[in-house]
Amino acid sequence: HSTLIPLSHDHHEALLIALRLKKGGPASENDRLWPVDLKLQVRSLLLFVEQELLPHFKLEEEILFPTGFTIEELQPLVKNLLDQHQVMRDSIGRIKEISDENLLKKALIDFGILLETHVRNEDRNLFPKLEEAELQGKITLPHLKYKSWR
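Presented here is an overview of the structure given in this document. (Residues numbered from 1 in each chain as written. Predicted model: local features only at pLDDT ≥ 70, side-chain atom pairs only at ≥ 80, totals over all residues. Heavy atoms only, no water.)

1. A short note on the packing of helix H3 (residues 75–97) against helix H4 (residues 101–135)
Here is step 1 of the chain: Interaxial distance between H3 and H4 falls to 10 Å at its minimum, and their mutual angle equals 160°. The orientation of H3 relative to H4 falls into the category roughly antiparallel. Taken as a pair, H3 and H4 cross one another with a handedness that is left-handed. Side by side, H3 and H4 meet where Leu-77, Val-78, Asn-80, Leu-81, Gln-84, His-85, Val-87, Met-88, Ser-91, Ile-92 and Ile-95 of the first sit next to Leu-104, Ala-107, Leu-108, Phe-111, Leu-114, Leu-115, His-118, Asn-121, Glu-122, Asn-125 and Leu-126 of the second.
Here is step 2 of the chain: For the contact of H3 with H4, the residue count by class is 14 nonpolar, seven polar and one charged. (Axes fitted to C-alpha atoms, helices over the stretch in contact; angles between N-to-C directions. Helix = DSSP H or I, 4+ residues; strand = E, 2+ residues; numbered from the N terminus. Parallel < 35°, antiparallel > 145°, perpendicular 65-115°, else oblique. Left-handed = near helix turned anticlockwise from the far one by under 90°. Contact = heavy atoms within 4.5 Å. Nonpolar A, V, L, I, M, F, W, Y, C, P; charged D, E, K, R; others polar.)

Given below as structure tokens:
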């Protein structure tokens, strides 16, 4: 659905960030956009979160999730996704405070795993069910004035 396309584009970039976090550095030897230095990785993550992830969450939480929540069978999934948003916000708050390098590395890996799990859950479970519900006439997906940052 056209509403979900820009969100899916965002998800593609989020999966790349998740891979970098799980690897502890660039996604590949050709990845020149992600730093090797741990402090610079944290700065890159915080920039991604502030400029891209939090606005994406806001859109989902204010527009997409309420639409999904009108379908009873999707309510547990939507609640789980909302909970994951909060866990990620909390994790970022903790990452900002960590000074121990080993704890920081683990926190970045854990965040990468959570981000990947969350994105795949939306892509594989929520989005197809929303599209199906719209085809069945149960909901009307909003047409978003939203441009993916990718």
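2. Side note on the layout of surface pockets
Here is step 1 of the chain: Of the pockets and cavities examined, the largest pocket occupies roughly 200 Å³.
Here is step 2 of the chain: Lining the largest pocket are 11 residues; nearest its centre among them are Glu-13, Ile-17, Trp-34, Ser-44 and Phe-48.
Here is step 3 of the chain: When residues of the lining of the largest pocket are traced back to their parent elements, those giving at least two are helix H1 (5–23) and helix H2 (38–69).
Here is step 4 of the chain: When residues in the lining of the largest pocket are grouped by element, the largest group, five residues, is from H2.
Here is step 5 of the chain: For the second largest pocket, the calculated volume is near 150 Å³.
Here is step 6 of the chain: Residue lining of the second largest pocket: Ser-91, Arg-94, Ile-95, Ile-98, Leu-103, Lys-106, Ala-107, Asp-110, Phe-111 and Leu-114, and that is the complete set. (1 Å grid on protein atoms, 1.4 Å probe; cavity = no way out; pocket = protein on both sides within 12 Å on 5 of 7 lines; lining within 4 Å. Points joined across faces, edges and corners; volume = space filled by probe spheres on them.)

3. A closer look at the pattern of salt bridges
Here is step 1 of the chain: Using the criterion set out here, one finds eight salt bridges in the structure.
Here is step 2 of the chain: For Lys-58, the salt bridge is made with Glu-62, and the minimal N-O distance between the two is 2.8 Å. Linking Lys-58 with Glu-62, this pair stays in helix H2, spanning four residues, or about one helical turn.
Here is step 3 of the chain: Taking relative accessible area as the criterion, Glu-62 reaches 52% and is therefore assigned exposed.
Here is step 4 of the chain: When the shortest N-O distance is used, the salt bridge between Glu-116 and Arg-120 registers 3.2 Å. Within this pair, Glu-116 and its partner Arg-120 are both found in helix H4, separated by four residues, close to a single helical turn.
Here is step 5 of the chain: A residue is classified by how much of its surface remains accessible, and Arg-120, at 31% relative accessible area, is partly exposed.
Here is step 6 of the chain: Among the charged side chains, a salt-bridge network with shared partners connects Lys-22, Glu-116 and Arg-120. (Salt bridge = Lys/Arg side-chain N within 4 Å of Asp/Glu carboxyl O. Buried < 20%, exposed > 50% of the residue type's maximum accessible area, 1.4 Å probe, protein only.)

4. Re empty space enclosed by the protein
Here is step 1 of the chain: Going through the model one piece at a time under the given rule, you end up with one cavity of 30 Å³ or more.
Here is step 2 of the chain: Size it by volume and the largest cavity reaches roughly 60 Å³.
Here is step 3 of the chain: The wall of the largest cavity is formed by 14 residues, among which His-11, Ala-14, Leu-53, His-56 and Val-119 lie closest to the centre.
Here is step 4 of the chain: For the lining of the largest cavity, the leading source of residues is H2, giving six residues.
Here is step 5 of the chain: Split into classes, the residues belonging to the lining of the largest cavity amount to seven nonpolar, three polar and four charged.

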